[in-house]
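# Chain and residue survey
Now for the letters of each chain:
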Amino acid sequence: MNLAMISTSSGNVPVKKTEIGDIVEVRSLLNSGLIIEENGYISFVLPILNQWFAAKSLSENMININHIIEKGTLDYWKYPLIILITIFKEDTIDNILREIVEKVPGFASVLIEESIKKWGIHNDITSLSTQECGEKIRMTMSSWIKSLGILADIIAPVDMNRTILPIGIMKDDEWLYISWYRGRKKLPEINILDGNKIEYDWLSYKGARPGDRSSWYWRWTFEELRGKLTKIIKNKALPICTEIIYKELMWSTSLKIVRKGSLYTKSISINEIKSRIEKEYQNISDINVNKKRVPMSLYKDYIANLEIKGINVVECPIPGEDIENPKDNWVWSAYSDEQLYIRTVKIYKEVIIGYKEIVETFFPLLKNRLRKFVLYPFTLKGDLQAPKETDGFSAGPGLNWHLEPLPSDYKDFILDIQFTKEDSDDFHLDDNIIYEIGKKIKEYRRDDCMWLSVTRTGQVLDIFEDTPITDIIYKWLEYE
């Protein structure tokens, strides 16, 4: 009897004695101390043994990885897969990881992060030749590209047809350097570069010490793509696909053109905008707004469309200040409590809508590993704390909030933000509330409850600049 055949994905699911063959062999195993019998079932004494034999069963194709993917039970196989990637042969690892990366890239990223070591300061030299290193990196990058969809056009080394670019590679002792070719020449898929020659039409070089660790090339390509995506999200530079982000960008551009600060919320006359464009922006192709280059043609089209609709002013896309002469210079002092509440609710409503649109557009296969998206539809419950004054010192408003999942067939989200003037800095949830939310996660998100958790966010209410919705959406993406 093969021990791998009684292994399980979770390490806790027993196997019937009658299913594993000869009773004598079972008794021999029981006497060995490797397994135990309970209520007519047997299982390994230590979960690590279950996980190791589960990994072995995967490596020998006793269990097909595609069957696990199709059943949606990958999370139960996380630790066997980590063992597999850490211990077993590279060819076996590559075949299994390729299937996971191309079909469930969100889970693959977690798996690679936890199983393949980061680059260390060591002198180990990879046993692969320069050519083989290029083949491995190109193979893994191709798998990621298949899984990323439209996102590959933004962060991956691909051409206009989403075909992977030729790779250039150079090996120098323990160091490995790669680049991707953007030129017009027809080059081979893999090119050995000469460090003594200046190479043109290559993207920036990346160098690292991969060492001789198993499957390092999977982490190499993962970190390359993650680094580019992280930079784009930090710069809030995804292509615009939501109405509210577009409106906020046009509002920011209007403020820049008429020289108003980012806290300004009153309407702006289109005649004033056109006059300023004619005087200062007539021969300018784009304008720098919040570290973004906004094409003037895009902005002029926006103004023209407003005029076609008979609109002669540009309005702030969210409710603005309502106190004409505030008592002090704090930004929140220009808002009554009621207006502050209205602005907050409007912003978070648009944040939820915009976040969902961006995820569905750019992260079609990654979305099932993004916590807020998986919890959707949800109730966002929050406590909006009013500004406080103590001994002449003014503390700004705050917002403490958390998400509670709704049944998956629920049509929309619920925004439940309550205004409070209580003087409390405690934003932690009561244990009973955590327990109840946990129950909802298990009931409503059964397939994801293993990795979903209950979290509470406490923050200063930073919603007074010109693009608060855009800022919060990207903050949500950054901390997923």
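This structure is a prediction, so every number in the text was calculated from the model and none was measured. (Residues numbered from 1 in each chain as written. Predicted model: local features only at pLDDT ≥ 70, side-chain atom pairs only at ≥ 80, totals over all residues. Heavy atoms only, no water.)

### Re the sheet that holds strand 15 (residues 398–405)
Ordered by their spatial adjacency, 4 strands build an open sheet running 16-12-15-17, and the pairing between neighbours is mixed. Strands with a single pairing partner mark the edges of an open sheet, and in this sheet they are strand 16 (414–420) and strand 17 (456–460). Looking at each pair of strands side by side, their axes are set apart by 20 degrees on average, direction ignored. As defined by bridge partners, strand 12 (residues 378–385) adjoins strand 15 across 8 bridges and the pair is classed as antiparallel. Within the sheet, the bridge partner assigned to Gly382 lies in strand 15 and is Trp401. (Pairing = 2+ DSSP bridges. Helix = DSSP H or I, 4+ residues; strand = E, 2+ residues; numbered from the N terminus. Axes fitted to C-alpha atoms, helices over the stretch in contact; angles between N-to-C directions.)

### Section: the confidence of the model for the chain
Here the chain shows a mean pLDDT of 88. Residues at 70 or above account for 88%. Segment residues 1–6: pLDDT under 50, and 17 contacts once partners within four positions in sequence are set aside and those in other chains are kept. When the criterion is pLDDT under 50, residues 10–21 qualifies, and its contacts beyond four places in sequence or with other chains add up to 23 contacts. (pLDDT = per-residue confidence, 0-100. Contact = heavy atoms within 4.5 Å.)

### Comments concerning helix 16 (residues 468–478)
Counting buried residues in helix 16 gives 8 out of 11 residues, a clear majority hidden from the surface. Every buried residue of helix 16 is listed here: Pro468, Ile469, Thr470, Ile472, Ile473, Tyr474, Trp476 and Leu477. Tucked into the core, helix 16 has its buried residues touching helix 9 (216–234), helix 10 (243–257), helix 13 (337–362), helix 14 (371–375), strand 12 and strand 15. (Buried < 20%, exposed > 50% of the residue type's maximum accessible area, 1.4 Å probe, protein only.)

### Focus on the nonpolar core
Within soluble globular proteins, side chains that are nonpolar tend to cluster in buried spots. In terms of nonpolar packing, the biggest core is built from 120 residues, with Leu81, Ile100, Ile137, Phe363 and Leu477 touching the most fellow members. Setting aside residues no more than four positions away along its own chain, Leu81 makes contact with Leu58, Ile65, Leu74, Ile96, Ile100, Phe107 and Leu111. (Core = buried A, V, L, I, M, F, W, Y, C linked by side-chain atoms within 4.5 Å.)

### Focus on the pattern of salt bridges
Under the counting rule described, the total for this entry stands at 26 salt bridges. Residue Arg226 pairs with Glu113 through a salt bridge whose shortest N-O separation is 2.5 Å. With Arg226 in helix 9 and Glu113 in helix 6 (residues 105–115), this residue pair connects regions lying 113 residues apart in the sequence. Residue Glu404 pairs with Lys440 through a salt bridge whose shortest N-O separation is 3.0 Å. Here Lys440 lies in helix 15 (residues 431–444) and Glu404 lies in strand 15, a separation of 36 residues in the sequence. On the basis of relative accessible area, Lys440 is assigned to the partly exposed category, the value being 29%. Residues participating in the shared-partner salt-bridge network are Glu113, Arg219, Glu223 and Arg226. (Salt bridge = Lys/Arg side-chain N within 4 Å of Asp/Glu carboxyl O.)

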